[in-house]
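Survey of secondary and tertiary structure
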Amino acid sequence: MKNTTKNLYKFLLFWLVVLPIYQDSPFSIFLGAAGYAVLMPLSLIFIVVYIVVKSRIPKNPRLTELMRLGYYLCCISFVAIIAWCALGNSLTVVGELLPIKAIKVCLQYFSYPAYIALVLICVRKVGTECLERYAYFTLLVLTGICLIELKQIPYALQAIHFAGTFPYWRVRLLTVESSWTAMMIYVYSIISLCYGVKIRKRSVVWSSVLCIGILILSSGSKTSMVSVAIMLVLYVAFSLKHLNEKTQWKIMGGLFIGVLAIVVLSPTLIHAVQADIEQFTSIATRGYTALVSMGIGITIPIGVGGAVYLGVFQYALKKFLFLFNLLPVKLNVSEVESLAFSKTDAALTAKSGLLQRNMYWGIFGTMYLLHNFALVSKTLRKKRVKNNTLLRAAFWGAVILTTFACEFSFEFWLLYSYLICLNEATEREKRCFLTS
């Protein structure tokens, strides 16, 4: 009976680790952007089933803090709607009924702590190594999907894309667009490398490195290229606090890999940035929407909620368009203009997970969330979790990515869950050692 139960938890954990890579699901037909990730509705359903069956929920201080932030998001969202209407504004903005939009945003947010809770439940039963093994398997799957996609572009894997458009000329794996692959590649690469080092298998380490190289070079994602440099810089910075001989070798190895990466990737990255400035829109859109969303969160520190932001954000986008005329470089602002005058909420967001939510709950909520992240990182160091320097560098690298380029996707929360699980596992090991 125990083996059957353990296998059930392994089965659930397997899908919790694998499914974050599918971000163009059929749920988008009914839920819009909230349904891109198949785990958004599934995590909520599964956690409700678990609570009903077990009559309890897993407890963790970091998880509790995320739930509190969610409660605040719900409150401020509906208070903001009342205030918005009291000022004479319409209850419908860009074709969205504000109460419905608020419910969607709140459900999407609560799917994250629900997902974390499910991962915690499973890992407490089967161990962190199981999660690491599944992450390594997922990295191999991603590489396989990438190779298949390269052969089928521009109509690659058309049957399983529901929101992504065709023809599409870049590698996007199982997401809506190629820029979404950056966090995915980053997180599964980190966990896979940690797994290879942990079990001391060179085959796992080198196959992971090979997969990382294939995915980054094939996707051509500027964010993926930059993420490598960010993590290495953070790793060196954290390592400088422990200048023993072993750490010095690590720093030298990190610097060597960093220099090698810059030599190999810099021509590609520079060319991509130049092309983006001249022909495409992502630099202008990402930079401008990030500044506007940051400004909204600062000027309205309690936030505008998960619905009213549509009107506030679009108003701000229009108001400050003149800033582009003051720049010495001519940027392609066609996408920014389309967002500013859009009649629907499609893509009307900051291209940043953290700054998008900075509008929802304001700078106070953002500081509370960053404090939560800091405690996760601090615990890794305090409990002396193995490879904690690398893990902390990887985690803060992921936070930086969500601030400037990536969404709060489920793979980000997978990394977050993984770190919490490592903290808990290390604590349990110490307790067992002390009581033995």
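Located above this text is the structure these notes cover.
All of the points below concern the structure found in this document. (Residues numbered from 1 in each chain as written. Predicted model: local features only at pLDDT ≥ 70, side-chain atom pairs only at ≥ 80, totals over all residues. Heavy atoms only, no water.)

Moving on, we come to unusual backbone geometry. Among all residues except glycine, the phi angle is most often negative; among peptide bonds, the trans geometry is most common. Going from Ile153 to Pro154, the amide bond is cis rather than trans, its omega being 15°. Within the secondary structure, Pro154 sits in the loop between helix H6 (128-152) and helix H7 (181-199). Here Phe166 and Pro167 are connected by a cis peptide whose omega angle stands at -5°. Here Pro167 shows up in the loop between H6 and H7. Here Val94, not a glycine, exhibits a phi torsion of approximately 40°, which is positive. The topology assignment puts Val94 in the loop between strand E1 (92-93) and strand E2 (96-97). Given the relative accessible area of 13%, Val94 is considered buried. Look at Arg384: it is not a glycine, yet its phi comes out positive at around 55°. Mapped onto the secondary structure, Arg384 falls in the loop between helix H14 (353-382) and helix H15 (388-404). (Helix = DSSP H or I, 4+ residues; strand = E, 2+ residues; numbered from the N terminus. Buried < 20%, exposed > 50% of the residue type's maximum accessible area, 1.4 Å probe, protein only.)

In this section: the pattern of salt bridges. Within the structure shown, the criterion is met by six salt bridges. Asp345 serves as the salt-bridge partner of Lys101, at 3.1 Å between the closest nitrogen and oxygen. Within this pair, whereas Lys101 is found in helix H5 (residues 98-126), its partner Asp345 is found in the loop between helix H13 (334-340) and H14, the two being separated by 244 residues in sequence. Of the two residues, Lys101 and Asp345, neither departs from the other in class, the shared state being buried. Close ionic contact of Lys198 with Glu132 constitutes a salt bridge, the shortest N to O distance being 3.3 Å. (Salt bridge = Lys/Arg side-chain N within 4 Å of Asp/Glu carboxyl O.)

Turning next to the packing of aromatic side chains. In total, this model carries 28 aromatic pairs according to the counting rule given. For the pair Tyr71 and Phe110, a centre-to-centre distance of 5.9 Å together with 40° between the ring planes defines the contact as tilted. Of this pair, Tyr71 sits in helix H4 (residues 61-86) while Phe110 sits in helix H5, placing them 39 residues apart in sequence. We classify Tyr71 as partly exposed; its relative accessible area is 48%. When its relative accessible area of 16% is taken as the criterion, Phe110 is described as buried. Centroid distance Trp413 to Tyr416: 5.2 Å. Interplanar angle 75°. Geometry classified as edge-to-face. (Phe/Tyr/Trp six-rings, centres within 6.5 Å; stacked < 30°, edge-to-face > 60°.)

On to empty space enclosed by the protein, then. Once rolled over the atoms, a probe with the size of a water molecule shows which space is left empty. Summed over the entire model, instances satisfying the criterion amount to one cavity of 30 Å³ or more. Taken together, Leu73, Val105, Gln108, Tyr109, Arg357 and Tyr360 form the lining of the largest cavity. Listing elements by their share of the lining of the largest cavity, those giving two or more residues are H5 and H14. Considered class by class, the residues forming the lining of the largest cavity number four nonpolar, one polar and one charged. (1 Å grid on protein atoms, 1.4 Å probe; cavity = no way out; pocket = protein on both sides within 12 Å on 5 of 7 lines; lining within 4 Å. Points joined across faces, edges and corners; volume = space filled by probe spheres on them. Nonpolar A, V, L, I, M, F, W, Y, C, P; charged D, E, K, R; others polar.)

Take the environment of Val226 next. Mapping Val226 onto the fold places it in helix H9 (residues 222-239). Counting along the chain gives 44 residues from Val226 to Ala182, while the straight-line C-alpha distance between them is 9.6 Å.

Right, let's talk about the nonpolar core for a bit. Membership of the largest hydrophobic core comes to 125 residues, with the highest contact counts inside it found for Leu13 and Trp413. Residue contacts for Leu13: discarding those within four places in its chain leaves Val119, Cys122, Val123, Val126, Cys130, Leu131 and Tyr134. (Core = buried A, V, L, I, M, F, W, Y, C linked by side-chain atoms within 4.5 Å. Contact = heavy atoms within 4.5 Å.)

With respect to the helices, strands and loops of the structure, Ser28 is situated in helix H2 (residues 28-31). Residue classification places Ser28 among the buried positions, given a relative accessible area of 10%. Of note is the side chain of Ser28, whose polar atom sits 2.8 Å from the backbone oxygen of Ser25. Apart from the residues within four sequence positions on either side, Ser28 is in contact with Gly35, Tyr36, Phe162 and Ala163. (Polar contact = N/O pair within 3.5 Å; in protein donor to acceptor, adjacent residues only side chain to side chain.)

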